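Each chain, written out:
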Amino acid sequence: MKNALPFGKLVRLEFSVSGLKNKEDAAALQYRLLLNDAILRCHVDFGKEKCELLYNPLNTNSRKIIASVKRPLVAKAPDEAEIKYAEIVKSGFHN
Amino acid sequence: MGLAEKISRVSGDYASPLPVQTRSLCPECKAPLLAEIYEKSGKVRIRKTCGTHGKFDEIYWESAKFYDFARKFSSKSRGIENPNVGTFINNDGSNCPFDCGICSNHHTHTGLSNIVVTNRCDMSCWYCFFYAKEGSPIYEPSLGQIRMMLRNLKNEKPVSTNAVQITGGEPCVRDDIVDIVKIAKEEGYAHVQFNTTGIAFANNAELVKKVKVAGATTVYMSFDGTSKKTNPKNHWEAPFAIENCRKAKLGIVLVPTLIQNVNEHDAGNIINFALNNLDVIRAVNFQPVSFVGRMPKALREKQRITIPGAIKKIEEQTNGMIAESDWYPVPCVAPFSQFVEALTGRRQYELSIHFACGAATYLFMDGNRPVPITRFIDVEGFTEFLSEKAQELEKGKSRIATGAEMLLKLGKFIDRKKQPRNINIGKLLFNALVKHDYKALGEIHHRTLFLGMMHFMDPYNYDQARVERCDVHYAMPDGRIIPFCAFNVLPEIYRDKVQRQYSVPWKEWQNLHPEKNINYKYRRDVKALEASPIYKSAYFSQQNFFEGD
């Protein structure tokens, strides 16, 4: 096992999703996005029609991710920021 | 009922009379689906429809009667105070089971934690889904990472787990396994168990002594039957592992995976085998099969067995000496912790898992006769009594008065004529519950056999209400804590995905460990093993405790 963390910087991507019919639809989109190895975390909020995710920029980019959301769903207005993976791991551990 | 109304009923009413709405998964595409658990011809089934892959209708439990009995023991759970809801991603649990971490929607704290210490294994069983095939990346966390994962679990609030299972792959292929046990002890774990084939312990008595000295408490050993046919994995080695554990005074739990038409006919023999080794075997924990991956319906129907089905088989195979009425769902013991909590004012570990996840009973030995605990203790009456007392304490009743009442009324729930000779159950229970003297209870545990059932799910019978209440959790090196039936049913987004991230390629691992033969697979000398007196004594000199009159 790698003793160092497997990632350096990740990208936090947020975009709106329209066309979700219900919570199951939102969860299904979340699952499909998580199947992408480059996407480490993801949550699709049905009520807010919003998707938040973290991805490894060495393996994909925001444009490709947005394009992977297929019709009848429509993803747009992406907003992205860089985050250190170490911070994500640190926030995950209970203190 | 509209869809929104149906969704709002999900989870909250999980213990209602059938039919019950829940959420499940499409076994083909894993799409989340609304599902219904319902009764048909005395059995409990789960049905769901995927828009793409059609209808699925699967057995959930073989007995609607036992389901109706079990659901009444459902216990309220209080979850954890410091969930990992994500500072960067708002994974609030609304898309369960894709939001794990552990989320704010999870109802139970960790009971048994699991740390995967390797994905290597020295066996290659065809049915196993959990080891690195040749050429696959090797996942083997460092000791530092293992300590971090253990600490993460320990920091769950308000109740932290006291039990950890070291698992794999085969954990004993690691050279530093003794150090891992030491770290678990340093991090405050009272109960440290190995999930293993036991083959390393069969072949290395010194290793058994070392892990025992380091603080290991239990060997959770796969044991699928008492014959070569039903237990091809470790039939030959199990007697030697048992013998080495006996010498080292290291307790064993036998873990049979039960499959209909494969080994379910051997369940009674397995219990009998355990009773013949009661000085070292503490428990048998049956695991009715869960189907990983796609499987044709006909084969599922042929091989599926669930908790009531396994209990029925045991009743038949033990001549009614362990009957269906002797089994209780796991959450039936929740009133014990509620009572102790009310008495001491300290939060206690609560076994508030879903009633369909597990069942258990205790066998006491009365001379040469195994007697289930239910034959001399009114379990239902006693747990109801404890619940009442807990409520009274919470309302301010004096602890001294409650203790005195307990002393007076405890005997009412015990049939002294039927209780095993030389054991004063009433005194033991009083000491444990009121005086918190668990030593005597621990000693009695050495003269009893715990029988458990733990039924893990698969995509066909997936019930979200169950996974939300799971208390068998895996810690991951990225800081997340994942319930068993999310970790193993959705490996593509949890287990395998994260292990890939933290692995090294096969060749690189071999270069890093030139002294190791990464391709090593265990080969047994059947003739030599079968010729040993230890083997012969284990299988051919057994007493039959369930012989009919």
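Every value quoted in this text rests on a predicted model; they were computed, and no experiment measured them.

A. The arrangement of the overall build of chain B in detail. If you tally the helices and strands in chain B, you get 21 helices and 17 strands. Taken over C-alpha atoms, the radius of gyration comes to 23 Å for chain B, in line with the 24 Å a tight globule of 549 residues would show. Along the first, second and third principal axes, the C-alpha atoms of chain B reach 70 × 65 × 50 Å. Within chain B, the proportion of its 549 residues that are buried is 47%. Intrachain contacts of chain B at a sequence separation of at least 6 include 69% that bridge at least 24 residues.

B. Seen up close, the overall build of chain A. Within chain A, the regular secondary structure consists of 3 helices and 4 strands. In chain A, the succession of α and β elements from N to C terminus is β-α-β-β-α-β-α. For 95 residues, the compact-globule formula gives about 12 Å, and the C-alpha radius of gyration of chain A, at 14 Å, lands near that figure. Counting the 95 residues in chain A, one finds 32% classified as buried. Here the contacts in chain A between residues at least 6 apart in sequence split such that 65% fall between residues at least 24 apart.

C. Region of interest: the interface of chain A and chain B. Contact residues are listed per partner, giving 30 residues for chain A and 38 residues for chain B. Counting only elements with at least two residues in the side of chain A that touches chain B, the list comes to α1 (23-34), β2 (39-45), β3 (50-55) and α3 (85-92) of chain A. Here the side of chain A that touches chain B takes 8 residues from α1 of chain A, the largest share from any one element. Looking at the side of chain A that touches chain B, its residues break down into 15 nonpolar, 8 polar and 7 charged.

D. Representation of the sheet that holds β2 of chain A within the structure. All names here are of chain A. Taken in spatial order, the 4 strands make up an open sheet running β2-β3-β1-β4, and their pairing is antiparallel. Of all strands in the sheet, those bounded by a partner on one side alone are β2 and β4 (74-84). Neighbour-to-neighbour, the strand axes of the sheet open up by a mean angle of 15°, direction not taken into account. Across the sheet, α1 is in contact with β1 (9-18), β2 and β3; its angle to β2 comes to roughly 170°. Against the sheet, α3 engages β1, β3 and β4, with an angle of about 90° to β4.

E. The arrangement of the environment of E384 of chain B in detail. Residue and element names in this part refer to chain B. With respect to the secondary-structure elements, E384 resides in helix α12 (residues 379-394). Judged by the 13 C-beta atoms lying within 10 Å of it, E384 is partly exposed. Along the sequence, E384 and R45 sit 339 residues apart, while their C-alpha atoms lie 30 Å from each other.

F. Local environment of the sheet that holds strand β1 (residues 20-25) of chain B. Residue and element names in this part refer to chain B. What the 4 strands build is an open sheet, ordered β1-β2-β3-β4; its pairing is antiparallel. Across the chains shown, the open sheet's two edge strands, defined by having one partner strand only, are β1 and β4 (54-61). Across the sheet, the mean angle from the axis of one strand to that of its neighbour is 35°, orientation sign disregarded. Of the strand pairs in this sheet, strand β2 (residues 32-40) and strand β3 (residues 43-50) are connected by 6 bridges, and their pairing is antiparallel. Within the sheet, the bridge partner assigned to K40 lies in β3 and is K43. In the packing of helix α2 (residues 64-71) onto the sheet, the strands contacted are β2, β3 and β4, and the crossing angle to β3 comes to about 90°.

G. Region of interest: helix α3 (residues 143-154) of chain B. Residue and element names in this part refer to chain B. Here α3 contains 12 residues, and its C-alpha end-to-end distance of 16 Å stays within 8% of the 16 Å for a straight helix at 1.5 Å per residue. Turning to α3, its buried residues are I146, M149, L150, N152 and L153. Here the buried residues of α3 occupy an arc of 155° about the axis, which is enough to place them on one side. The inward-facing, buried residues of α3 contact β5 (112-116), β6 (163-167), α4 (177-186), β16 (472-475) and β17 (481-483).

H. Looking closely at unusual backbone geometry. Between L18 of chain B and P19 of chain B the backbone carries a cis peptide bond, its omega angle lying at 0°. Within the secondary structure, P19 of chain B is located in the loop between α1 (3-9) and β1. Here the bond from G101 of chain B into I102 of chain B is cis, since omega is 20°, no more than 30 degrees from zero. Here E49 of chain A, not a glycine, exhibits a phi torsion of approximately 50°, which is positive. Summarising the element assignment, E49 of chain A is placed in the loop between β2 and β3. Given 16 C-beta atoms within 10 Å, E49 of chain A falls into the partly exposed group. Positive phi is not limited to glycine here, since K30 of chain B has a value of about 65°. Within the secondary structure layout, K30 of chain B lies in the loop between β1 and β2.

I. Inspection of the pairing of β5 of chain B at higher detail. Residue and element names in this part refer to chain B. Buried residues dominate β5, accounting for 4 of its 5 residues. Where β5 lies against β6, 5 bridges are found, and the strand directions are parallel. Among the inter-strand pairings, I115 is bridged to a residue of β6, identified as I166. Once the chain exits β5 it traverses α3 before rejoining the sheet at β6, and the crossover so formed is right-handed.

J. Fine view of the packing of α12 of chain B against helix α13 (residues 399-409) of chain B. Residues and elements named next belong to chain B. In the contact formed by α12 and α13, the axes pass within 10 Å of each other and the chain directions differ by 165°. In this view, α12 runs roughly antiparallel relative to α13, as classed from their interaxial angle. Handedness of the crossing formed by α12 with α13: right-handed. Of α13, the residues touching α12 (which contributes F385, K389, E392 and L393) are R399, T402, M406 and K409. Looking at side-chain class alone, the contact of α12 with α13 contains 3 nonpolar, 1 polar and 4 charged residues.

K. Structural detail: the packing of helix α6 (residues 205-214) of chain B against helix α7 (residues 238-248) of chain B. All names here are of chain B. Contact pair α6 / α7: the axes reach a minimum separation of 9 Å and the direction vectors enclose 45°. Accordingly, the angle class assigned to the pair α6 and α7 is oblique. In the packing of α6 onto α7, the handedness of the crossing is right-handed. Contacts from A205, V208, K209 and K212 of α6 reach α7 at N244, C245, K247 and A248. Of the residues contributing to the contact of α6 with α7, the split by class is 4 nonpolar, 1 polar and 3 charged.

Rules and cut-offs
Residues numbered from 1 in each chain as written. Chains lettered and ligands numbered in written order. Predicted model: local features only at pLDDT ≥ 70, side-chain atom pairs only at ≥ 80, totals over all residues. Helix = DSSP H or I, 4+ residues; strand = E, 2+ residues; numbered from the N terminus. Rg over C-alpha atoms; globule rule 2.2 N^0.38 Å. Buried ≥ 20, exposed ≤ 12 C-beta atoms within 10 Å, placed from the backbone. Contact = placed C-beta atoms within 7 Å. Nonpolar A, V, L, I, M, F, W, Y, C, P; charged D, E, K, R; others polar. Pairing = 2+ DSSP bridges. Axes fitted to C-alpha atoms, helices over the stretch in contact; angles between N-to-C directions. Expected span 1.5 Å × (residues − 1). Arc of directions from axis to C-beta. Right-handed = clockwise from strand over helix to strand, strands pointing away. Parallel < 35°, antiparallel > 145°, perpendicular 65-115°, else oblique. Left-handed = near helix turned anticlockwise from the far one by under 90°.

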